[in-house]
Amino acid sequence: MSKVVIIDYGAGNVQSVKFALERLGVNAILSDKPEIINSADKLIFPGVGEARSAMEEIIRVGLDKIIPHVTQDCLGICMGMQLMCNFSEERNTKCLGIFKEDVKLFKVDEKVPHMGWNYVKKKESKLLDGIEDFASFYFVHSYYVPENKFSIGSCDYGLTFSAIMERDNFFGCQFHPEKSSKNGSKLLENFLKL
Amino acid sequence: MLTKRIIPCLDIKNGRTVKGVNFIDLIDAGDPIEQAKIYADQGADELVFLDITATVDKRKTLVELVTKIAKQIDIPFTVGGGITSVEDAYSALQSGADKVCINSAAVRNPNLLNLCSEKFGNQCIVLAVDAKQINQQWLVHLVGGRKQTEIDLFDWVKESVERGAGEILFTSMDHDGTKNGFANEALAKISNLVDVPLIASGGAGTKEHFRDTFLHGKADGALAASVFHFGEIGIPQLKDYLKSENFEIRIN
């Protein structure tokens, strides 16, 4: 069985991701140690909270030098995906630069945070095999990544934003697959099979 | 488009549900996890667990419960009933809860909302408020509705959002248990007053009541207990109905 490591840098709810993988029969390891991260077959980069303090912690433990260069498949979840971008408007934070895009604050005529289940329009990707177009996923966020050339899934909330991105071995989803019932579980299963 | 949320609520005491749930094929009617799994499979969008355990070791029992739920449930869930400090909130969120709901403790110590939202983000802080109309004024009540205060509902909701509440769960004590519908007038007023999501609670009796609270109460979600527990309204039927009434509803 492949070795799955959840990058644990103190960014909130990592237990839910671990439990979701357990439901798929995978016992993931939580770690912020470079040698363990480098030895993984699959990496998950979660994140809940605030971008600036998360990046400060990532820099403190030296993960800013590791994550952008990993060669394994790596899935960023929620703020994890945002931290994979260039820059976030959330307290003007420089991020990891894996996706050359900027993260913006929602300025729409809707309630913020965008919280609840919303539909995702998908493009072709192995990550989304067996998931229907306009399948629903659970979102909780106040900042978003605009639609861009890496987007393989988009979502509407006052504007159209990136729900899922892909660049080589890097993937990101703005929603929480670990909380998105069968569709989320299918996405995680696809990721593990890549 | 964001979908309207249907939220069953389970009352827990010492790890068991208090009001029995009337499901066919349920092996253990007191096991909250079994009940929660059925609701999740039926299409519930979210779950709320209110822990009314009154032991000294409350935090430990809450953590055990939250861990059990998080292991088995793949939809978001909120826990409440015993969150009186930042440490309580931390324990619940760290164990896998998506949100914590704070009720009386926030009235007694409003700063708790500031502290929790600064530490965890406002998206996981739900302000639960019970209120009753007395002489034309909606007054906040504490300890499960047993203690009246002189605090105006709308003032309190507004203040709580300014302090960091990221969602409002409003229960009308005048409507709770009546099965005559939600307090839509007060709900609409709250919805216009603050820009965080609003969950309607108290009064669900028919499918039409859910439609009305989304339409007239401007609620983002609706919470109910007994109509779901006793099978009076099935979640799949409710969602099909709301879809046919042209609401955005999660079916798949």
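Just above sits the structure.
In this report, we go over the structure that sits alongside the text. (Residues numbered from 1 in each chain as written. Chains lettered and ligands numbered in written order. Predicted model: local features only at pLDDT ≥ 70, side-chain atom pairs only at ≥ 80, totals over all residues. Heavy atoms only, no water.)

### What about the pairing of strand E12 (residues 160–167) of chain A?
All names here are of chain A.
Next up, step 1: Where strand E11 (residues 151–156) and E12 come together, 5 bridges link them in antiparallel fashion. Each residue of the ladder has a partner; that of Ser154, found in E12, is Ser162.
Next up, step 2: The hairpin turn running from E11 into E12, its antiparallel successor, is 3 residues long, and Gly158 in that turn takes a positive phi close to 75°.
Next up, step 3: Note: E12 against strand E13 (residues 170–173), 4 bridges, orientation antiparallel. Directly across from Arg167, in E13, lies its bridge partner Phe170.
Next up, step 4: Count of turn residues in the E12/E13 antiparallel hairpin: 2 residues, of which Asp168 carries a positive phi of about 55°. (Pairing = 2+ DSSP bridges. Helix = DSSP H or I, 4+ residues; strand = E, 2+ residues; numbered from the N terminus.)

### A look at unusual backbone geometry
All names here are of chain A.
Next up, step 1: The peptide bond linking Val112 to Pro113 adopts the cis configuration, its omega dihedral lying at 5°.
Next up, step 2: Looking at the element boundaries, Pro113 is found in the loop between strand E7 (99–105) and strand E8 (114–122).
Next up, step 3: Despite not being glycine, Phe134 has its phi angle at roughly 65°, a positive value.
Next up, step 4: Tracing the backbone through its elements, the reader meets Phe134 in the loop between E8 and strand E9 (135–141).
Next up, step 5: For Asp168, which is not glycine, the phi dihedral falls at a positive 55°.

### Things to note about the interface of chain A and chain B
Next up, step 1: Each side of the interface is counted separately: chain A has 31 residues, and chain B has 39 residues.
Next up, step 2: Buried surface at the junction of chain A and chain B, both sides included, amounts to about 2700 Å², of which 50% is carbon and sulfur.
Next up, step 3: For the pair chain A and chain B, the interface holds 2 salt bridges.
Next up, step 4: Here Lys111(A) makes a salt bridge to Asp220(B), at a shortest N to O gap of 2.7 Å.
Next up, step 5: Taken together, chain A and chain B are joined by 12 residue pairs in polar contact (both at pLDDT 80 or more).
Next up, step 6: For the side of chain A that touches chain B, the leading source of residues is E8(A), giving 6 residues.
Next up, step 7: Of the residues contributing to the side of chain A that touches chain B, the split by class is 12 nonpolar, 11 polar and 8 charged. (Contact = heavy atoms within 4.5 Å. Buried area = accessible area lost by both parts, 1.4 Å probe. Salt bridge = Lys/Arg side-chain N within 4 Å of Asp/Glu carboxyl O. Polar contact = N/O pair within 3.5 Å; in protein donor to acceptor, adjacent residues only side chain to side chain. Nonpolar A, V, L, I, M, F, W, Y, C, P; charged D, E, K, R; others polar.)

### Section: the packing of helix H1 (residues 32–42) of chain B against helix H2 (residues 58–72) of chain B
Residues and elements named next belong to chain B.
Next up, step 1: Relative to each other, H1 and H2 sit at 35°, their axes nearing to 10 Å. Every pair of crossing elements has a handedness; the one defined by H1 and H2 is right-handed. Between H1 and H2, the residues in contact are Pro32, Ile33 and Lys37 and Leu65, Lys68, Ile69 and Gln72, respectively.
Next up, step 2: Of the residues that constitute the contact of H1 with H2, the class distribution is 4 nonpolar, 1 polar and 2 charged. (Axes fitted to C-alpha atoms, helices over the stretch in contact; angles between N-to-C directions. Left-handed = near helix turned anticlockwise from the far one by under 90°.)

### Quick word on the sheet that holds strand E5 (residues 85–88) of chain A
Residue and element names in this part refer to chain A.
Next up, step 1: Strand order across the open sheet formed by 4 strands is E6-E5-E7-E10, with mixed pairing between neighbours. Because the sheet does not close on itself, it has two edges, and the strands there are strand E6 (93–94) and strand E10 (143–144).
Next up, step 2: Sheet analysis places E5 next to E6, joined by 2 bridges and oriented antiparallel. The residue of E6 that forms the bridge with Phe87 is Lys94.

### Describing the sheet that holds E13(A)
Residues and elements named next belong to chain A.
Next up, step 1: Pairing is mixed in the open sheet, where 9 strands are placed in the order E2-E1-E3-E4-E13-E12-E11-E8-E9. Two strands bound the open sheet, and with one partner strand each, they are strand E2 (29–31) and E9. The sheet shows a mean angle of 30° between the axes of neighbouring strands, taken without regard to direction.
Next up, step 2: The pairing of strand E4 (residues 73–77) with E13 spans 4 bridges and is classified as parallel. Bridge assignment links Ile77 to a residue of E13, and that residue is Cys173.
Next up, step 3: Along the sheet, helix H1 (residues 14–23) contacts strand E1 (4–7), E2, strand E3 (42–45) and E4; its crossing angle with E1, the most-contacted strand, is approximately 165°.

### Regarding the packing of aromatic side chains
Next up, step 1: The final tally for this structure, using the stated rule, is 18 aromatic pairs over all chains.
Next up, step 2: With a centroid separation of 6.4 Å and an interplanar angle of 65°, the aromatic rings of Tyr39(B) and Phe228(B) are classed as edge-to-face. Of the two residues, Tyr39(B) is situated in helix H1 and Phe228(B) in helix H9 (residues 226–229); the sequence distance between them amounts to 189 residues. For the pair Tyr39(B) and Phe228(B), one class covers both residues: buried.
Next up, step 3: Every member of this aromatic cluster is reached through a ring pair, and the members are Phe106(A), Phe137(A), Phe139(A), Tyr144(A), Tyr157(A), Phe161(A) and Phe175(A).
Next up, step 4: Geometry around Phe191(A) places Lys42(A) over its ring, the cationic atom sitting 5.5 Å from the centre. (Phe/Tyr/Trp six-rings, centres within 6.5 Å; stacked < 30°, edge-to-face > 60°. Buried < 20%, exposed > 50% of the residue type's maximum accessible area, 1.4 Å probe, protein only. Lys NZ or Arg CZ within 6 Å of the ring centre and 35° of its normal.)

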